[in-house]
Amino acid sequence: MLKYKNIAFIGAGSMAEAMVSGLINKAEMSPDRITAVNHTNEERRIELSSKYKIQTVAFEEISLRNKDVIILAVKPKQAEAVLQRLKSVLQDHHVILSVLAGISTRYIEEILEKPFPVIRVMPNTSSMIGESITGISAGKYVENDDLDLAQELSKAIGKVKIISEKQMDVFTGIAGSGPAYFYYLLEHMEDAAVEYGLDRELARDIAAQTLYGASKMVMESDDSPAELRKKVTSPNGTTAAGLQALKENGGGDAIEKAVKNAARRSRSLRKEFEKVPAL
Ligand SMILES: NC(=O)c1ccc[n+]([C@@H]2O[C@H](COP(=O)([O-])OP(=O)(O)OC[C@H]3O[C@@H](n4cnc5c(N)ncnc54)[C@H](O)[C@@H]3O)[C@@H](O)[C@H]2O)c1
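Numbering of residues starts from 1 in every chain and runs along the sequence as written. Reporting in this predicted model follows two pLDDT cut-offs: at least 70 for local features of residues, and 80 or more for side-chain atom pairs to be given and counted; totals over whole chains, interfaces and linings ignore these cut-offs and use all residues. Water and hydrogen atoms were dropped before computing side-chain values, which therefore reflect all heavy atoms in the structure.

1. Notes on the packing of helix α6 (residues 168-176) against helix α7 (residues 178-195)
Point 1. Orientation is described by axes fitted as lines to C-alpha atoms, over the contacting stretch for helices, and by angles from 0 to 180 degrees between their N-to-C directions. Helical segments are the DSSP runs of H or I of at least four residues, strand segments are the runs of E of at least two, and each set is numbered from the N terminus. It is the contact of α6 with α7, at a shortest axis distance of 5 Å, that shows an interaxial angle of 35°. In contact with Gly173, Ile174, Ala175 and Gly176 of α6, α7 contributes Gly178, Pro179 and Tyr181.
Point 2. Each residue receives one of three labels: charged for Asp, Glu, Lys and Arg, nonpolar for Ala, Val, Leu, Ile, Met, Phe, Trp, Tyr, Cys and Pro, and polar for the others, Gly being one of them. Residue composition of the contact of α6 with α7, grouped by class: 4 nonpolar, 3 polar and no charged. By definition, residues are in contact when any of their heavy atoms lie within 4.5 Å.

2. With respect to a negative patch on the surface
Point 1. Note that patches include only residues with greater than 30% relative accessible area and no salt bridge, and the join distances are 9 Å for like charges and 5 Å for nonpolar side chains (Val, Leu, Ile, Met, Phe, Trp, Tyr). Each accessible area is a Shrake-Rupley result for a 1.4 Å probe, and residues are judged covered by the shown protein chains and nothing else. A pairing counts as a salt bridge when a side-chain nitrogen of Lys or Arg comes within 4 Å of a carboxyl oxygen of Asp or Glu. Under this rule, positive means Lys or Arg and negative means Asp or Glu; His and the chain ends count for nothing. Just so you know, the charge point we use is NZ for Lys, CZ for Arg, CG for Asp and CD for Glu. On the surface, a cluster of negative charge is contributed by Glu143, Asp145, Asp148 and Glu152.
Point 2. One can find glutamate 143 in the loop between β7 (132-138) and α5 (144-155).
Point 3. Throughout this description, buried means an accessible area under 20% of the type-specific maximum (1.4 Å probe, protein chains only), exposed means over 50%, and partly exposed covers the range between. Glutamate 143 sits in the exposed class, given a relative accessible area of 55%.

3. Comments concerning the pattern of salt bridges
Point 1. Overall, the coordinates contain 14 salt bridges when judged by the stated rule.
Point 2. Of the charged contacts in the structure, one is a salt bridge between glutamate 17 and lysine 51, with a shortest N-O distance of 2.7 Å. Highlighted residues: glutamate 17 in helix α1 (residues 14-26) and lysine 51 in helix α2 (residues 42-52), separated in sequence by 34 residues.
Point 3. When the shortest N-O distance is used, the salt bridge between lysine 114 and aspartate 92 registers 3.0 Å. Of the two residues, lysine 114 is situated in the loop between α4 (105-112) and β6 (118-122) and aspartate 92 in the loop between α3 (79-86) and β5 (95-98); the sequence distance between them amounts to 22 residues.
Point 4. Judged by its relative accessible area of 60%, aspartate 92 falls in the exposed class.
Point 5. A single salt-bridge network, built from bridges that share partners, covers Glu17, Arg44, Glu47 and Lys51.

4. Focus on the pairing of β7
Point 1. Within β7, 5 of the 7 residues are buried, which leaves the element mostly enclosed by the surrounding structure.
Point 2. By the bridge criterion, 4 bridges tie β6 to β7 in an arrangement that is antiparallel. The residue of β7 that forms the bridge with valine 121 is isoleucine 136.
Point 3. In terms of strand pairing, β7 meets strand β8 (residues 158-162) through 5 bridges, oriented parallel. Across the sheet, serine 132 pairs through a bridge with glycine 158, a residue of β8.
Point 4. Where the polypeptide runs from β7 across α5 and back to β8, its parallel neighbour, the crossover connection is right-handed. Only when DSSP finds a minimum of two bridges between them are two strands counted as paired. Viewed with both strands pointing away, a crossover whose connecting path from the first strand over the helix to the second turns clockwise is right-handed.

5. What to know about the sheet that holds strand β1 (residues 7-10)
Point 1. Across the sheet, 8 strands lie side by side as β3-β2-β1-β4-β5-β6-β7-β8; this open sheet has mixed pairing. At either margin of the open sheet sits one strand with a lone partner, and together these are β3 (55-58) and β8. Here the average twist between neighbouring strands, direction ignored, is 25°.
Point 2. Relative to strand β2 (residues 34-38), β1 runs parallel, the two being bridged by 4 bridges. Among the inter-strand pairings, isoleucine 10 is bridged to a residue of β2, identified as valine 37.
Point 3. α5 contacts β1, β4 (69-72), β5, β6, β7 and β8 of the sheet and is inclined by roughly 145° relative to β8.

6. Concerning the pairing of β1
Remark: a regular strand shows side chains that alternate across the two faces of the sheet.
Point 1. Neither face of β1 is exposed, since Ile7 and Phe9 on one face and Ala8 and Ile10 on the opposite face are all buried.
Point 2. You can see the chain leave β1, run along α1 and come back into β2, and the turn it takes is right-handed.
Point 3. Of the strand pairs in this sheet, β1 and β4 are connected by 4 bridges, and their pairing is parallel. Counted as the bridge partner of isoleucine 10 is leucine 72 from β4.

7. Re the environment of glycine 178
Point 1. With respect to the helices, strands and loops of the structure, glycine 178 is situated in helix α7.
Point 2. Overall, glycine 178 belongs to the buried group, its relative accessible area being 3%.
Point 3. In the structure, glycine 178 is positioned 76 residues away from alanine 254 in sequence and 13 Å away in space, judged by C-alpha atoms.

8. Some words on the nonpolar core
In summary, soluble globular proteins display a tendency toward joint burial of nonpolar side chains.
Point 1. Put simply, buried Ala, Val, Leu, Ile, Met, Phe, Trp, Tyr and Cys residues joined by side-chain atoms within 4.5 Å make one nonpolar core. Residues Ile7, Phe9, Leu23, Ile71, Leu97 and Ile119 are the most contacted members of the largest nonpolar core, which totals 34 residues.
Point 2. Among the elements that line this core, the one with the most residues is α1, at 7 residues.
Point 3. Apart from the residues within four sequence positions on either side, phenylalanine 9 is in contact with Ala16, Met19, Val20, Leu23, Ile34, Thr35, Ala36, Val37 and Ile71.
Point 4. Grouped together as the second largest cluster of nonpolar side chains are 24 residues, Ile10, Leu64, Leu90 and Val118 included.

If you want it as structure tokens, here you go:
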């Protein structure tokens, strides 16, 4: 059971913090079960330990003896160096979760040279408030209990989808990177509203609630997004005018290209940082 597990994050940046916050504030995990390991940045360690009351240590002081779950949360380009250093301190009972975009379980398994259960989890930063959607795919040494644990941990920070590792790139394109597209959309809605006379704070509230309501409608109604869109769009009305501008300016294409480009980048991260052929 997750509650009784000790977790170490290797890398304590944005994604690790979002997960720590979700685990403590939403899933009510005890902070003394969580350790975050960060390299030279002492200021960051102090920030996280005072904010969440978790233990934070420098990589050089790492001890994973009483840990159960090791969550890799460094950048993909740091994967090899970090794994090379970790492999001497890892112990047979460890379950390894990796949030690294692009980097395959096979690559991690090969560097570790031992049959560790390695599970990719792709959350997003909405983990911070327990509203992530997290994709999970298992490496070849993963047993049911390990997968159950990864699922439990991911459920603690939001919703979960079990996917194949091949689907991880596109999952990353939609869900891992997705919040940024919506923030970008909101930034632009806000700018336009300010230009047309609203205060920024008011504009932000309105746009954010509109996005939230629309998103909830998609989740709770039986209609598809296209059907829901049609119900908003009166012939020759305001929405039709707005959508026309979106279409004329390549809005739909831009969104599709964003997802595809992010998925391609996930694939290319693998080629860039792994010295094995891509999946
Ligand atoms: N940010 C997101 O929205 C998001 C979503 C899903 C997955 N991810 C994945 O999470 C990982 C981390 O992303 P991030 O946005 O948190 O990046 P980040 O740069 O904020 O965090 C990375 C952290 O790793 C630390 N680090 C670097 N080398 C280290 C070492 N040797 N030992 C210990 N710590 C070390 C850095 O100091 C930094 O704090 C990436 O692989 C990314 O693909 C991120």
